[in-house]
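For reference, the chains in residue letters:
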Amino acid sequence: MLYIDPDACVDCGACVSACPVGAIGPDTRLEPKQLPFIELNAAFYPKREGKLPPTSKLAPVIAAPKIERRGGPLTVAIVGSGPAAMYAADELLTQRGVRVNVFEKLPTPYGLVRAGVAPDHQSTKRVTRLFDRMTQQRGFRFFLNVEVGKHVTHADLLEHHHAVLYAVGAPNDRRLDIDGMDLPGTGTATEMVAWINGHPEFTELPVDLSHERVVIVGNGNVAFDVARVLTTDPDALARTDISDHALAALRASRVQEVVVAARRGPAASAFTLPELIGLTSTGEVVLDATDHARVVADLASETDPLTRNKLEVLAKLGDAAAPITRPRIRLAYHLTPQRVLGVDRVTGIEFGVTGTDETRTLDAGLVLTSIGYRGKAIADLPFDDDASVVPNDGGRVRGTTGAYVAGWIKRGPTGFIGTNKSCAGETVHNLVADYNAGKLADPVRKPADLEKLVRSRQPEVVDAAGWQAIDAAEIARGGEDRPRDKFATVAEMLSVAAAAPKPTVRQRLLASLHAH
Ligand code: NAP
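Description of the structure in this document. These numbers were taken from a predicted model, which means no experiment stands behind them.

**Some words on the site of the ligand**
- Around the ligand, 23 residues are found, and the nearest of them are N219, N221, R263, R264 and G415.
- One of the backbone nitrogen or oxygen atoms of N219 is found 3.0 Å away from an oxygen atom of the ligand.
- Coverage of the ligand by the protein chains reaches 79% of its 920 Å² of free accessible surface.
- Here the shell around the ligand takes 3 residues from helix α9 (residues 221-231), the largest share from any one element.
- Residue composition of the shell around the ligand, by class: 10 nonpolar, 8 polar and 5 charged.

As structure tokens, this is what we get:
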């Protein structure tokens, strides 16, 4: 949510025209489902008699990093191409002459924006337009379909760059360690999101939607994304970039209720207020009588204004005792998962009622955990297994020279796309400061050697032109009704990328002159 201070704003409109995802608009033009925000914002910011809000509420503005060292251009390898990687590249390229080479394991870029953001959140996905513009800057280069650790090593990258910045996210799920989690019919919400979004490594995920109830353990925004997609009319999803296999499965789905189960109470809900409002304004969301009573009790003692706002929305939800007329979502509280039930496959899940000796069983054909992501160790870098991050100081990897991190592998799996801008900014500041201080060794190889090395290890490397060809083909396949129809296999992506126009002799010459 954004609050524009009516006292300070000069109404220039620059924020409205510059916001890459169109998230800023005047209150007079809100859609009906956005109207609750007017009251929420007004309640959050009490009348201030002309005084500006305390500066602690404002994000600090950090000046762009300035390169002060003379000599060869700063050259940085970025591993990963999600938001943290793209914001880091953009921050680096604010300085003249900097070169950034972005390495991505898949033939398509943009990480969780492509494979994690739910397909019915198309406006969020629009940030890729901004990322596409970043890729067109002089000094930016894509090496897609190249896996660092497999095709090239950390040491290879350091020979060709001053620094290597890892923005690889948190690719694993946190696993719930209870009996029955290995039965068919169990899974994780994060895998499910990847399957929904057509991530090529998840196309074969067995997703059985032939039962009436799905239970999701955990009530963060990812749980909401999955619950929403499972209960949304497939005809509406057919107008998004959802994968073809997920759409076909959802059309045949018999799911009538998705229970989103949290181990704590309503005031401790992990989902955010905008996501709750989004959920309740588009679908049917209910609570049972015991949970309604818990919401009322929490409201009586809660003082935090944002949590109160959440509780007020929860208090208005319908009653779960009402007959089910269309697929719906039930939010449930104080349920600590104890074991998944079933012999050959899942038949339900047993919870302990948190803080008591009671148990409660819910029948379900699919049990998904949505209890957060986990970072994965990176070859040749230290790893903090408990926090599942690479230990670092402001993005500088501890105990190394020339290695940096940004995004979820730096700070853990929290925050929104925009959080990665300031996170990457901090890392880039420290990287540039180290470069200015002469702490980063100059690359021992010539820039043009990098292309030869990568091609020798991975002949099917995809460049920016290859990605543009995949992008254009997907958009064309989407036709009139869909923003795009994604390729869900690497083979299809590579065959389209291979047909992309190759650079002319003149372009190759110019590129090689620039590289030297
Ligand atoms: P999350 O917000 O950290 O939520 C994790 C949930 O799992 C919490 O309800 C937590 O409960 C529960 N949990 C953890 N361990 C558990 C256990 N052993 N047993 C039962 N429950 C357990 O994680 P997420 O939903 O994966 O989201 C990750 C980040 O991405 C968040 O910052 C989220 O806001 C962001 N995201 C944003 C959007 C969006 O803006 N639209 C969409 C998706 C994701 P406790 O609180 O009790 O630990």
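Structure's up, so let's keep going.
**Observations regarding the nonpolar core**
- L314 and L331 are the most contacted members of the largest nonpolar core, which has 45 residues in total.
- Per-element tally for this core: the top contributor is α9, with 6 residues.
- Setting aside residues no more than four positions away along its own chain, L331 makes contact with F224, V260, L276, V285, V286, L287, D291, L314 and L317.
- With 44 residues, the next largest nonpolar core counts V100, M134, I470 and L494 among its residues.

**Re the side chain of T188**
- Position of T188 relative to the elements: it lies in strand β6 (residues 186-188).
- Given the relative accessible area of 4%, T188 is considered buried.
- Of note is the side chain of T188, whose polar atom sits 3.2 Å from the side chain of T190.
- Leave out the neighbours within four places in its chain, and T188 touches D173, R175, L368 and T369.

About the cut-offs
- In this numbering scheme, every chain counts its residues from 1 along its sequence in written order.
- In keeping with the predicted nature of the model, local features appear solely for residues at pLDDT of at least 70, side-chain atom pairs appear and are counted solely at 80 or more, and the whole-chain, interface and lining totals rest on all residues.
- Neither water nor hydrogens contribute to the side-chain values; these are computed over all heavy atoms in the structure.
- A single heavy atom is enough: if one lies within 4 Å of a molecule or strand, its residue is considered near that molecule or strand.
- Nitrogen and oxygen atoms within 3.5 Å of one another constitute a polar contact, given that in protein one can donate a hydrogen and the other can accept it, and given that sequence-neighbouring residues count only through two side-chain atoms.
- Accessibility throughout is a Shrake-Rupley quantity obtained with a 1.4 Å probe, and a residue counts as covered only by protein chains that appear here.
- Helix numbers and strand numbers start at the N terminus; a helix is a DSSP run of H or I with at least 4 residues, a strand a run of E with at least 2.
- Classification convention: Asp, Glu, Lys, Arg as charged; Ala, Val, Leu, Ile, Met, Phe, Trp, Tyr, Cys, Pro as nonpolar; all other residues, Gly among them, as polar.
- Buried residues of nine kinds, namely Ala, Val, Leu, Ile, Met, Phe, Trp, Tyr and Cys, make up a nonpolar core once their side-chain atoms join them within 4.5 Å.
- Think of it in three bands: with a 1.4 Å probe and only protein chains considered, a residue is buried below 20% of the maximum accessible area for its type, exposed above 50%, and partly exposed in between.
- Contacts are assigned to residue pairs with any non-hydrogen atoms lying within 4.5 Å of each other.

That is the geometry; function is a separate question.
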